[in-house]
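Structural description and commentary
The chain contents come next:
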Amino acid sequence: MASPPVLAVTSLGDVTSDLVLDELYGRGVPVVRLDPGTDFTAGTTMAAHFGNHGPSGTLHTPSRRLDLSAVRSVYWRRPTPYGGATPATESAETRFAHSQARSGYGGTLAALPGALYLNHPWRNRDAEYKPTQLATAAQVGLDLPPTLLTNDPDAAKRFVARHAPAVYKPVHAVHLTPDSSGTPAHTIWVRTVEPDEIDDSVAACPHLFQACVPKVADIRLAAVGNRFFATRIDIDGDHLDWRQDYDVLAYTPVETPPAVRTAARAYLDAFGLVFGAFDFAVRDDGRWIWLETNPNGQWAFVDGPTRRKIATALADHLQRGSAR
C-alpha cells in the first residue's frame, strides 16, 4: 500500500516551504505540491464526493494523482489568491468564477478527513487579526506594551503624548501597489509618531498606536508544537523595524525563557495552531516584550543551523500526521 502523501498548498516561489519539502523528500515521504489559485486553471482537476462518510474523491495534477481521503497532512503555506491581482473592472462572470473557486477548491482542501493541518487555513485567518492577537497575548501571560486601537484623533494624540516615544503600525500588514495618482508601490513600516502629526485623517479607519519599547535587540521565535527556536536579531544601524533591511542584520540562536515557552504554547493552543512566528523586543533588563505573532510567518532568513532545525521540526509533524 502506498504511503499517504503530504499535500503542500503554496505558490511556486515559496522558498520557505522548499526547505521543509526538501527535508520530506530526503526522508522518502511523498509530497503533492498544489497552488489552487493557479493550478486549477492549468490542467488540474478535482472530483470530490460528499456523503455520510465525509469527502472522498481524487485530485489530478498534470503529474500526480491525489486521493482526497488518504492525505497524511496538509502544509498550508502561502498559495496564490484566487484570481491573483485581478483589477476591479473584472466581469461579473469572472468574479463569480473566483468566488466559486475560493469556496469550492479552498473549502474542499480545508476539509480533508483525518489529515493534520499545519496550520489549518481557518486557524491562520483567525490568528491574523491584531486585536485578537493582543487580547490573547495578554490572556496567556505574555508581556506587551501599552497599545491603543482608535479612529479618534484626540484619543490618539493623548495616548501618544502620554507614552512618548510612541509608534504607529498598521493594524494589518499591507504592501500598497501603485495607483492612478502616481503613488509608487511601498510598504508601511513601524515608525515613531508625534502628537502634532496626528490629524483628522485618523478618523478614516482604525489606527494602532503603541508605546515604543526601549529595546537592545529583537527576537524571532519559531514555535513548532512544543519545540521552540529563538533567534536574536541585532541591527547594524537604528532601524526601528528590522524588516526594512535584512542586509544589516546579525542572527544568533538563543534559549527561550521558560515563562515565554509556557505562554507561547498557550497562545498556539488558544488559536488551534501548530506553528507560529513570534516577534519580541528585548529590553536591557533581559525581558522579552511581545509585539506580534504571525501564524504563517517567515523563518528562512535566520542562521543556517536554526533554519535546519525548524525545517526538521515542521517535517516531523507533517510526516507523523494525525492518528488515522
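Higher on the page you've got the structure.
Residues numbered from 1 in each chain as written. Predicted model: local features only at pLDDT ≥ 70, side-chain atom pairs only at ≥ 80, totals over all residues. Heavy atoms only, no water.

On to the overall build of the protein chain. Secondary structure summary: the protein chain contains eight helices and 18 strands in total. Radius of gyration (C-alpha) of the protein chain: 22 Å, near the 20 Å computed for a compact globule of 324 residues. Overall, the C-alpha framework of the protein chain stretches about 65 × 50 × 40 Å when taken along its three principal axes. Counting over 324 residues, the protein chain shows a buried share of 43%. Contacts in the protein chain between residues far apart in sequence, at least 24 positions, make up 67% of those at least 6 positions apart. Accessible area of the protein chain: about 16100 Å², with a carbon and sulfur share of 53%. (Helix = DSSP H or I, 4+ residues; strand = E, 2+ residues; numbered from the N terminus. Rg over C-alpha atoms; globule rule 2.2 N^0.38 Å. Buried < 20%, exposed > 50% of the residue type's maximum accessible area, 1.4 Å probe, protein only. Contact = heavy atoms within 4.5 Å. Areas by Shrake-Rupley, 256 points an atom, 1.4 Å probe, with all protein chains shown as cover.)

In this section: the sheet that holds strand β16 (residues 249–254). An order of β16-β15-β14-β17-β18 is seen for the five strands of this open sheet, with the pairing classed as antiparallel. Because the sheet does not close on itself, it has two edges, and the strands there are β16 and β18 (288–294). Averaged over neighbouring strand pairs, the angle between their axes works out to 25° when direction is ignored. Two elements, strand β17 (residues 275–283) and β18, share six bridges in a ladder whose sense is antiparallel. Looking at β18, one finds that Val282 is bridged to Trp288. Across the sheet, helix α8 (residues 304–320) lies against β14 (215–224), β15 (227–235), β16 and β17, angled at about 150° from β15, the strand it touches most. (Pairing = 2+ DSSP bridges. Axes fitted to C-alpha atoms, helices over the stretch in contact; angles between N-to-C directions.)

So, about helix α3 (residues 92–109). Across its 18 residues, α3 extends 25 Å between first and last C-alpha, which sits within 8% of the 26 Å expected from 1.5 Å per residue. Restricting attention to buried positions, one finds in α3 the residues His98, Ala101, Gly106, Thr108 and Leu109. (Expected span 1.5 Å × (residues − 1).)

What follows covers the environment of Gly104. Its location among the elements puts Gly104 in helix α3. A sequence separation of 214 residues divides Gly104 from Leu318, and the C-alpha atoms of the two residues are 24 Å apart.

Bringing the packing of helix α1 (residues 15–26) against α8 into the picture now. With their axes 9 Å apart at the nearest point, α1 and α8 run at an angle of 60° to one another. The angle between α1 and α8 places the two elements in the oblique class. Both α1 and α8 take part in a crossing whose hand is right-handed. Taking contact as the criterion, the partners of Leu19, Val20, Glu23 and Leu24 in α1 are, on α8, Arg307, Ala311, Thr312, Leu314, Ala315, Leu318 and Gln319. (Parallel < 35°, antiparallel > 145°, perpendicular 65-115°, else oblique. Left-handed = near helix turned anticlockwise from the far one by under 90°.)

Interpretation in functional terms is not warranted from these geometric data alone.
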